[in-house]
Amino acid sequence: MASAAELFGRFNDMTDADYDNFQDPVEANRLINLAYRTAVDQRLKNAGASKMIIQEVKHLYVKNEVQTPTNNELEFANMDFVPLQMHTVFQKYLDSVRSQTFYNESVNDMDRDGSKLQNPTTRYPQYDWLADRLIFTPTTETCLEVTMNYYKELDQLDVADTTDLGFDARLEDDIVDLMVELAAAPNRDTLLTQLTQNNQNR
């Protein structure tokens, strides 16, 4: 396990004077964070719809976080996370006095091919993933609680930070290799700018 400073040190050991512009802290931090983002994205993309925890990004895994929706919605300032499981508690009123509670997993309302699933019910609830919120359906009933398992957004790395990151060794190796690859690209300035813009638009 290594710190961001140590990962950047490994990058320096693998490169020469042609890469001196990355000694600028701003450029160095941009490079290491784009490499980190790329390495993590590759792993999450390869995982697809699997609910298995990916060992190499286990440090991003959040388990059994309980949230209370408002009007069946959860708002997030940053929706840049990867949901694995959403367990919901729905309350359905049978009449003005009696109600029934349902504990079930809620699934994304879009199938893998991009088509809508069948209409949700309290026994088979769904969620709609919008830009800044999750909406739990059916909205005709009340979602009381959501227990979430997900991969959280990445923290920003700082090449001056000597704190142990606790990353898997394979992830560390990939970050360093990607730093060299990105820095060595013939169109590296354009590539880094494009990747930065893509990440800002996530």
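About the thresholds
- Residues numbered from 1 in each chain as written.
- Predicted model: local features only at pLDDT ≥ 70, side-chain atom pairs only at ≥ 80, totals over all residues.
- Heavy atoms only, no water.
- Phe/Tyr/Trp six-rings, centres within 6.5 Å; stacked < 30°, edge-to-face > 60°.
- Buried < 20%, exposed > 50% of the residue type's maximum accessible area, 1.4 Å probe, protein only.
- Pairing = 2+ DSSP bridges.
- Helix = DSSP H or I, 4+ residues; strand = E, 2+ residues; numbered from the N terminus.
- Salt bridge = Lys/Arg side-chain N within 4 Å of Asp/Glu carboxyl O.

Novice: Would you mind going over the packing of aromatic side chains with me for this structure?
Specialist: Within the structure shown, the criterion is met by six aromatic pairs. Ring geometry for Tyr127 versus Phe136: centroids 6.3 Å apart, planes at 50°, classification tilted. Each member of the pair, Tyr127 as well as Phe136, is classed as buried. Taken together, the ring pairs connect Phe8, Phe11, Tyr19 and Phe22 into an aromatic cluster.

Novice: What's the story with the pairing of strand 3 (residues 82–93) in this structure? I'm lost.
Specialist: On any regular strand, side chains alternate: one points to one face of the sheet, the next to the other face. In this sheet, strand 7 (residues 142–151) lies alongside strand 3 in antiparallel orientation, the contact comprising nine bridges. The residue of strand 7 that forms the bridge with His87 is Thr147. Bridge count between strand 3 and strand 4 (residues 99–108): eight bridges; the pairing is antiparallel. Its bridge partner lying in strand 4, Met86 is registered against Ser106. Adjacent in sequence and paired antiparallel, strand 3 and strand 4 are bridged by five residues.

Novice: In this structure, what is going on with the pattern of salt bridges? I would like to understand it.
Specialist: Two side chains that carry opposite charge are able to pair once their charged atoms sit near each other. With the rule as written, the count across this model stands at 12 salt bridges. Between Arg43 and Asp174 there is a salt bridge whose closest N-O contact spans 2.7 Å. Separated by 131 residues along the polypeptide, Arg43 in helix 2 (residues 25–47) and Asp174 in helix 3 (residues 169–184) bring together distant segments of the chain. Each of Arg43, Glu56, Asp168, Arg170 and Asp174 takes part in salt bridges that share partners, so that together they form one network.

Novice: Where do I start with the pairing of strand 6 (residues 133–137) in this structure?
Specialist: Counting buried residues in strand 6 gives four out of five residues, a clear majority hidden from the surface. As judged from the three bridges shared by strand 2 (residues 73–75) and strand 6, these two strands associate in the antiparallel manner. Bridge pairing in strand 6 links Glu73 to Ile135. In this structure, strand 5 (residues 126–129) lies alongside strand 6, joined through four bridges in antiparallel fashion. Across the sheet, the residue bridging to Tyr127 is Phe136, located in strand 6. Linking two consecutive strands that pair antiparallel, namely strand 5 and strand 6, is a turn of three residues.

The values are spatial; any link to function lies outside them.
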